[in-house]
Every structure is written in C-alpha cells, then in structure tokens.
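# Summary of structural features
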Amino acid sequence: SSKKYPDKVEDLNKFREFLSDTKDAMKPLKAWEIADLGYQAAQKIVSASAEESLSVLAKYSQNLPSLARSLSRTVVKPELKAEVKQNQNILERYGVQPGNSILLLTD
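Residues numbered from 1 in each chain as written. Predicted model: local features only at pLDDT ≥ 70, side-chain atom pairs only at ≥ 80, totals over all residues. Heavy atoms only, no water.

## Considerations on helix H6 (residues 78–93)
As a reminder of what qualifies: What counts as a helix is a DSSP run of H or I of at least four residues, what counts as a strand is a run of E of at least two, and both are numbered from the N terminus. What a helix should span is 1.5 Å times the count of its residues minus one.
The end-to-end C-alpha distance of H6 is 23 Å, a good match for the 22 Å that 16 residues give at a rise of 1.5 Å each. Phi turns positive, to about 80°, at Gly95, one or two residues after H6.

## Focus on the side chain of Thr74
Let me state the cut-off plainly: Any two residues whose heavy atoms approach within 4.5 Å are treated as being in contact.
Tracing the backbone through its elements, the reader meets Thr74 in the loop between helix H5 (64–71) and H6. With residues up to four places along the chain from it excluded, the contact list for Thr74 reads Gln40, Gln43 and Lys44.

## Here's the deal with the packing of helix H4 (residues 53–62) against H5
Applied cut-off: A fitted line through C-alpha atoms serves as each axis, taken over the contacting stretch for helices, and the angle formed by two N-to-C directions is quoted from 0 to 180°. We call two directions roughly parallel when the angle between them is under 35 degrees, roughly antiparallel when it is over 145, roughly perpendicular when it lies between 65 and 115, and oblique otherwise.
In contact at an axis separation of 6 Å, H4 and H5 are set at 110° when each is read in the N-to-C sense. Put simply, H4 runs roughly perpendicular to H5. Every residue of H5 that contacts H4 at Lys59, Tyr60 and Gln62 is listed here: Leu64, Leu67 and Leu71.

See below:
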C-alpha cells in the first residue's frame, strides 16, 4: 500500500510491471503483435531516464522472449518512427543495408 509505505511505491510499481510482464510470457504472439517490436523496444529505451537507459537496453536485449508480450503493448510515438526512418535513409546513402554495420568517424 502506498499510504503505508510511500518510500516503496517505485519498488512496488516495478514489481507489478515484472509480474505483468511474466504472466503471459510464453503465449505465442500474433504476427501483428510482433511487427513493431523493434520500434517498441527503442521507445522503451529512449523513454527511460538517462541513468536507466542502458539497463533498459540490457533488460530487453537479454530477455526479449519473456518480455515480448508486454513490450508489444508499448505505444510508439510517430516522432520515433520518423527518426528511425530518417536514420535508415542516411545509412542507405552510405550503402549500409539492414543487418550491416558502419563506423563513422569525425575529425
């Protein structure tokens, strides 16, 4: 209860999210539910605080199968999709296709 333990509200919310994430973790997802998982994971990462973003990245990259269902409910902002598309277009100019990598250095 948040009234009895106000200092534990954040911990309780994280635990509630964990229980929600793992409850239906192994039920198969429909194709339309997994279509935007990459965008949804990116949205979770960029929405996290600067201090938590790396741990959120690790959480989803290391536990994606068990977190996919809850991740599929994440709303992706149109701005994020537009930025990703813009970045993909820029990378295509350098000949970088999906699945490839590039290292850009400035002087």
